[in-house]
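# Commentary on secondary and tertiary structure
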Amino acid sequence: MAKDYYETLGLQKGASKDEVKKAFRKLASKYHPDKKTGDEAKFKEISEAYAVLGDEKKKAEYDTYGHAYQGAGGGAGAGGFGGFNWSDFQQAAGQQGGFEFDMEDLFGSMFGGSGGQRQARGRDISIDIELAFQDAVFGVTRKVLLTKNNTCSQCSGSGAKKGTDLTDCSTCNGQGRVRETRQSFMGQVQTVRECSVCQGRGKVPKEVCGHCAGAGVARSEEEIEIEIPAGIQNGEMIRMTGRGEAIPNGAAGDLYIKIHVKPHATITRDNATLYTDLHVKLSDALLGNTYKVETLDSAVDIKIPAGVKHGELLRIKGKGVPQGSSSNRGDFMVRIHIDLPQKLSRKAKKLIEDLRTEGI
């Protein structure tokens, strides 16, 4: 039974050139014999399908005549793939107007490359910041001074001396990429890599910048302002995109800030709620009274109800941790501790004995 090349690549008939190319790359990367998920027979099938559907002329004939067209069903070729001739596949890849096939882009490090289309990226940086308890609750702005690779301040990353121009790189003729022919198990394969002279930019400075020696980046100090959001928790991380190490012709890495919150002397936290302990006298617990409680904002008067129990929680609304960008705040909870007297005067002892007779 004749093979359906579109079905082999998991496509609908008439799929576009880009769809064919994308499907082949995905399947070839999965089934390549040198990979753990490799399947040589499957790889031969998808390569045969791509050799036809990736070539505009052959694809047009196949779409019109199906497997009856003159390029289908041939005998074993130079590659030994049965109905697929690898030498035709290689030849088609190099012809003008034929299909585009970049082995470096497809298999990346398998052929010593870097994956082709991915933009290079600088290193991430991680730092630690210690915050006071109150700053973690309400938020704060902190400034840190970091020494790292930054875009050159003199040439703005171009690598050229100020006032001079860039010119096409002679190594890659301004393309930013160079082609190489390598020997593989498939025979000679043409690959593409980034030009090491211009780092893929296609341009080089006529006169190099003296500050960065033409690299476009230089090591320098940078003061970074960090906005610590209200309510941040101990151990949380803040990510600042693009504030890490800069590299030539690529994106800068990220800056990660790990937060360490110092404990408060009298206040603890559970998410948006704050807690403190309040010691009251036995008489005040029995009869009630008013006490001052220190919150993170200010001192607040709190009424102790008569008959309050040891360990009971009294609520002060809206004096806890701010929640998100809204004006809402959690609550401030006061945990009651009733202090029992260690010694009693003769008069106090007599009063307590009188209370006992009352059944209290």
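Residues numbered from 1 in each chain as written. Predicted model: local features only at pLDDT ≥ 70, side-chain atom pairs only at ≥ 80, totals over all residues. Heavy atoms only, no water.

Bringing the environment of Lys-203 into the picture now. Mapped onto the fold, Lys-203 is located in strand E6 (residues 203–205). Here Lys-203 falls in the partly exposed class, since its relative accessible area comes to 37%. Placed 28 residues apart in sequence, Lys-203 and Gln-175 show a C-alpha to C-alpha distance of 8.5 Å. Every residue in contact with Lys-203, bar those within four places of it in the chain, is listed here: Leu-166, Thr-167, Asp-168, Cys-169 and Cys-198. (Helix = DSSP H or I, 4+ residues; strand = E, 2+ residues; numbered from the N terminus. Buried < 20%, exposed > 50% of the residue type's maximum accessible area, 1.4 Å probe, protein only. Contact = heavy atoms within 4.5 Å.)

What follows covers the pairing of strand E13 (residues 299–304). Residues of E13 alternate between two faces, with Val-300, Ile-302 and Ile-304 buried on one and Ala-299, Asp-301 and Lys-303 left unburied on the opposite face. Strand direction decides the pairing type here: strand E12 (residues 289–294) and E13, joined by 6 bridges, are antiparallel. Along E13, the bridge assignment pairs Tyr-291 with Ile-302. In textbook terms, the turn of a hairpin is the stretch between consecutive antiparallel strands, and for E12 and E13 this stretch comprises 4 residues. (Pairing = 2+ DSSP bridges.)

A few words on the pattern of salt bridges. A full pass over the atoms with the stated rule returns 15 salt bridges. Among the ionic pairs, Arg-123 bridges to Glu-245, the shortest N-O distance being 3.1 Å. In this pair, Arg-123 is assigned in the loop between helix H6 (103–107) and strand E1 (125–131) and Glu-245 in the loop between strand E8 (237–240) and strand E9 (255–261), connecting sequence segments 122 residues apart. Judged by relative accessible area, which is 55%, Arg-123 ranks as exposed. Lys-161 is the salt-bridge partner of Glu-207, the closest N and O atoms lying 3.9 Å from each other. Pair noted here: Glu-207 is in the loop between E6 and strand E7 (217–228) and Lys-161 is in the loop between strand E2 (140–151) and strand E3 (166–168), with a separation of 46 residues, a long-range link. Salt bridges sharing common partners tie together Arg-121, Asp-124, Arg-239 and Asp-254. (Salt bridge = Lys/Arg side-chain N within 4 Å of Asp/Glu carboxyl O.)

Given 3.6 residues per turn, any residue in an α-helix points the same way as the ones three and four places further on. Given a rise of 1.5 Å per residue, 12 residues ought to cover 16 Å, and the 17 Å separating the end C-alpha atoms of helix H9 (residues 346–357) matches this to within 8%. Positive phi shows up at Gly-359, right after H9, with a value of about 85 degrees. (Expected span 1.5 Å × (residues − 1).)

Attention now moves to the sheet that holds strand E11 (residues 273–281). The sheet built from 4 strands is open, its strands ordered E10-E11-E15-E14 with mixed pairing. A strand with exactly one partner marks an edge of an open sheet, and here the two such strands are strand E10 (267–270) and strand E14 (313–316). Ignoring strand direction, the axes of neighbouring strands in this sheet form an average angle of 35 degrees. As paired strands, E10 and E11 are joined by 4 bridges and run antiparallel to one another. If you follow Arg-269 over to E11, its bridge partner there is Leu-274. (Axes fitted to C-alpha atoms, helices over the stretch in contact; angles between N-to-C directions.)

Turning next to the packing of aromatic side chains. Between two aromatic rings, the relevant description is the distance of the centres plus the angle of the planes. For the structure on display, the rule yields 3 aromatic pairs. Ring centres of Tyr-5 and Tyr-62 lie 5.1 Å apart, and the angle between their planes is 35 degrees; on these two criteria the pair is classed as tilted. In this pair, Tyr-5 sits in helix H1 (residues 5–8) while Tyr-62 sits in helix H4 (residues 56–65), placing the two residues 57 residues apart along the sequence. Tyr-62 matches Tyr-5 in its accessibility class, with the two residues each being buried. Here the aromatic rings of Phe-24 and Tyr-50 are separated by 4.2 Å at their centres, their planes lie at 0 degrees, and the arrangement is stacked. (Phe/Tyr/Trp six-rings, centres within 6.5 Å; stacked < 30°, edge-to-face > 60°.)

What follows is about the packing of helix H2 (residues 17–31) against helix H3 (residues 40–53). H3 packs onto H2 with a crossing angle of 160 degrees between their chain directions and a minimal axis gap of 9 Å. The pairing of H2 with H3 is recorded here as roughly antiparallel in orientation. As H2 runs across H3, the sense of the crossing is left-handed. Residue-level inspection shows Val-20, Lys-21, Phe-24, Leu-27, Ala-28 and Tyr-31 of H2 in contact with H3, the latter providing Glu-40, Lys-42, Phe-43, Ile-46, Ser-47, Tyr-50 and Leu-53. Of the residues contributing to the contact of H2 with H3, the split by class is 9 nonpolar, 1 polar and 3 charged. (Parallel < 35°, antiparallel > 145°, perpendicular 65-115°, else oblique. Left-handed = near helix turned anticlockwise from the far one by under 90°. Nonpolar A, V, L, I, M, F, W, Y, C, P; charged D, E, K, R; others polar.)

Moving on, we come to unusual backbone geometry. Here the phi dihedral of Ser-156 falls at roughly 55 degrees; this positive angle occurs in a residue that is not glycine. Locating Ser-156 in the fold gives a position in the loop between E2 and E3. Owing to a relative accessible area of 63%, Ser-156 belongs among the exposed residues under this scheme. Positive phi outside glycine occurs at Asn-271, with the angle close to 55 degrees.

The next point concerns H2. If you check H2, its first and last C-alpha atoms are 21 Å apart, about what 15 residues at 1.5 Å a residue would give, namely 21 Å. When we look at burial in H2, the residues that qualify are Val-20, Lys-21, Ala-23, Phe-24, Leu-27, Ala-28 and Tyr-31. Looking straight down H2, one finds that the buried residues subtend no more than 165 degrees of arc, so they occupy a single side. In this structure, H2 carries Asp-18, Lys-22 and Lys-26 as exposed residues pointing more than 90 degrees from its buried face. (Arc of directions from axis to C-beta.)

This part covers the sheet that holds E9. Read across the open sheet, the 3 strands follow the order E1-E9-E8; overall the sheet is mixed. One side of each edge strand has no neighbouring strand; the edge strands of this open sheet are E1 and E8. Between one strand axis and the next, the sheet turns through 25 degrees on average, direction left out of account. Judged from the 7 bridges that link them, E1 and E9 form a sheet pairing that is parallel. Its bridge partner being in E9, Leu-131 is matched across the sheet by Val-261.

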